[in-house]
Amino acid sequence: MTRRLGTDEVLFLNWGYEEDPPMALPLEASDEPDRYCIQLYHRTASQVDLSGKQVLEVSCGHGGAASYIMRSLQPASYTGLDLNPAGIEFCRRKHKLPGLDFLQGDAENLPFPDRSFDAVINVEAAHLYPDYPRFLAEISRVLRPGGHFLYADLRSLPHVAKWEADLADAPLRLVSQEVINAQVLRGLELNSERYQDLVNRHTPAPLRRFFRDVAVTKGSPLYEQVQRGEISYRLYCFAKD
């Protein structure tokens, strides 16, 4: 899909977030089309003050969040890492800011020395990793003492207990957690029309239903699972002591 988009530059791959009443997050005009995706990242990243910090985002996708956070929350540096080389190539071409860089790499084998970062961000990606406990161990390894893991993710209800157990076993201290199903569902609803249009314009007709499901447009199986409460979407903040 990264290669199919042509001039339609999709900068965010997450589901989105909106509160009630609306967040009304001040955005630049160029960021406005991605408002609901940005709001999920803003809510996740702003759990701590990132100004002057060295930040790593694991699974940075197309780099929209890296650019937004660098411009808005003023970290000293921001490194976006992703397994997809086509996505990293896109990020390097699209997002050129001082202090912002992108690297191809594996979330379970982070290519950084111990204690390299003040904060690590991960949004809506870790549920796809083959060895989730190893990822958590790697996060702890690259964080400095006093650093934070800022995290948003989802699990279907049968997998929530294992998720909670893995997090409890991680060498990190839980600071806060929140179930954000209602906010994510609003984001999905508000993003749905745009995503359906992108899928219709960039995929052959036989594949459109598949990509609408991947994009979690309104009426897709994942959308309906969130709506029925069969998926738990959560926001976390952890600290390394």
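Residues numbered from 1 in each chain as written. Predicted model: local features only at pLDDT ≥ 70, side-chain atom pairs only at ≥ 80, totals over all residues. Heavy atoms only, no water.

Participant: Teacher, can you tell me more about the overall build of the chain here?
Facilitator: A tally of helices and strands in the chain yields eight helices and seven strands. Relative to the 2.2 N^0.38 estimate, which gives 18 Å for 241 residues, the radius of gyration of the chain is 17 Å and therefore close to what a compact globule would have. Counting only C-alpha atoms, the chain reaches 50 × 40 × 35 Å along its principal axes. Across the 241 residues that make up the chain, the buried fraction comes to 52%. Sequence separation of 24 or more characterises 72% of the internal contacts of the chain that already satisfy a separation of 6 or more. (Helix = DSSP H or I, 4+ residues; strand = E, 2+ residues; numbered from the N terminus. Rg over C-alpha atoms; globule rule 2.2 N^0.38 Å. Buried < 20%, exposed > 50% of the residue type's maximum accessible area, 1.4 Å probe, protein only. Contact = heavy atoms within 4.5 Å.)

Participant: Help me out: how do you make sense of helix α6 (residues 181-202) in this one?
Facilitator: Helical geometry: 3.6 residues make up each α-helical turn, so side chains three or four residues apart lie on a common side. For α6, spanning 22 residues, the distance from its first C-alpha to its last is 29 Å, which sits close to the expected 32 Å at 1.5 Å a residue. At Ser192, α6 shows its largest kink, close to 45°. Listed as buried for α6 are Asn181, Gln183, Val184, Leu185, Gly187, Leu188, Asn191, Ser192, Tyr195, Leu198, Val199 and His202. In this fold, the buried residues of α6 make contact with α1 (35-45), β6 (173-179), α7 (208-214), α8 (221-227) and β7 (231-239). (Expected span 1.5 Å × (residues − 1). Bend = angle between axes of the 7 residues up to and from the residue.)

Participant: Sorry, what's going on with the packing of aromatic side chains here?
Facilitator: A ring pair, where both rings are aromatic, is described by two values, the distance of the centres and the angle of the planes. Using the criterion set out here, one finds 12 aromatic pairs in the structure. Judged by centre distance (6.1 Å) and plane angle (25°), the ring pair of Phe149 and Phe238 falls under stacked. You can see Phe149 sitting in strand β5 (residues 143-156) and its partner Phe238 sitting in strand β7, a full 89 residues away along the chain. There is no split in this pair, since Phe149 and Phe238 are both buried. With centroids separated by 6.5 Å and ring planes inclined at 85°, the aromatic side chains of Tyr151 and Trp163 adopt a geometry described as edge-to-face. Of this pair, Tyr151 sits in strand β5 while Trp163 sits in helix α5 (residues 160-169), placing them 12 residues apart in sequence. The burial state of Tyr151 is the same as that of Trp163; both residues are buried. (Phe/Tyr/Trp six-rings, centres within 6.5 Å; stacked < 30°, edge-to-face > 60°.)

Participant: Which parts of the structure should I look at to understand the pairing of strand β4 (residues 117-123)?
Facilitator: For a regular strand, the rule is simple: side chains alternate between the two faces of the sheet. Counting buried positions along β4 yields six of seven residues, so the element is predominantly enclosed. Both strand β1 (residues 54-58) and β4 contribute to a ladder of three bridges, which runs parallel. Looking at β4, one finds that Val55 is bridged to Ala119. The handedness of the β4 to β5 crossover, carried by helix α4 (residues 132-142), is right-handed. (Pairing = 2+ DSSP bridges. Right-handed = clockwise from strand over helix to strand, strands pointing away.)

Participant: I tried to follow the pattern of salt bridges on my own but got confused; where do I start?
Facilitator: Where charged atoms of side chains with opposite charge meet at close range, the side chains can pair. Summed over all chains, the structure comprises 16 salt bridges. Glu28 serves as the salt-bridge partner of Arg71, at 3.4 Å between the closest nitrogen and oxygen. Placement of the pair is Arg71 in helix α2 (residues 64-72) and Glu28 in the segment before α1, with a sequence separation of 43 residues. The class of Arg71 is partly exposed, set by a relative accessible area of 28%. Owing to a relative accessible area of 46%, Glu28 belongs among the partly exposed residues under this scheme. Across the pair Arg141 and Glu138 runs a salt bridge whose closest N-O atoms are separated by 2.8 Å. On the criterion of helical spacing, the pair formed by Arg141 and Glu138 is a turn pair, its members being three residues apart in helix α4. Residue Glu138 is classed as buried on the basis of its relative accessible area, which comes to 11%. Several salt bridges share partner residues, and in doing so they unite Glu19, Arg43 and Glu178 into one network. (Salt bridge = Lys/Arg side-chain N within 4 Å of Asp/Glu carboxyl O.)

Participant: Would you take a moment to explain the environment of Val123 for this structure?
Facilitator: Here Val123 is to be found in strand β4. Taking the relative accessible area as the measure of exposure, Val123 reaches 4% and is therefore buried. Linking Val123 and Gly61, residues 62 residues apart in sequence, is a C-alpha distance of 9.9 Å. Beyond its immediate stretch of four places on either side in the chain, Val123 contacts Asn14, Leu40, Tyr41, Thr44, Ala152 and Tyr233.

Participant: What is the right way to look at the pairing of β5 in this model?
Facilitator: Where burial is concerned, most of β5 is hidden: 10 out of the 14 residues are buried. Relative to β7, β5 runs antiparallel, the two being bridged by nine bridges. Along β7, the bridge assignment pairs His148 with Ala239.

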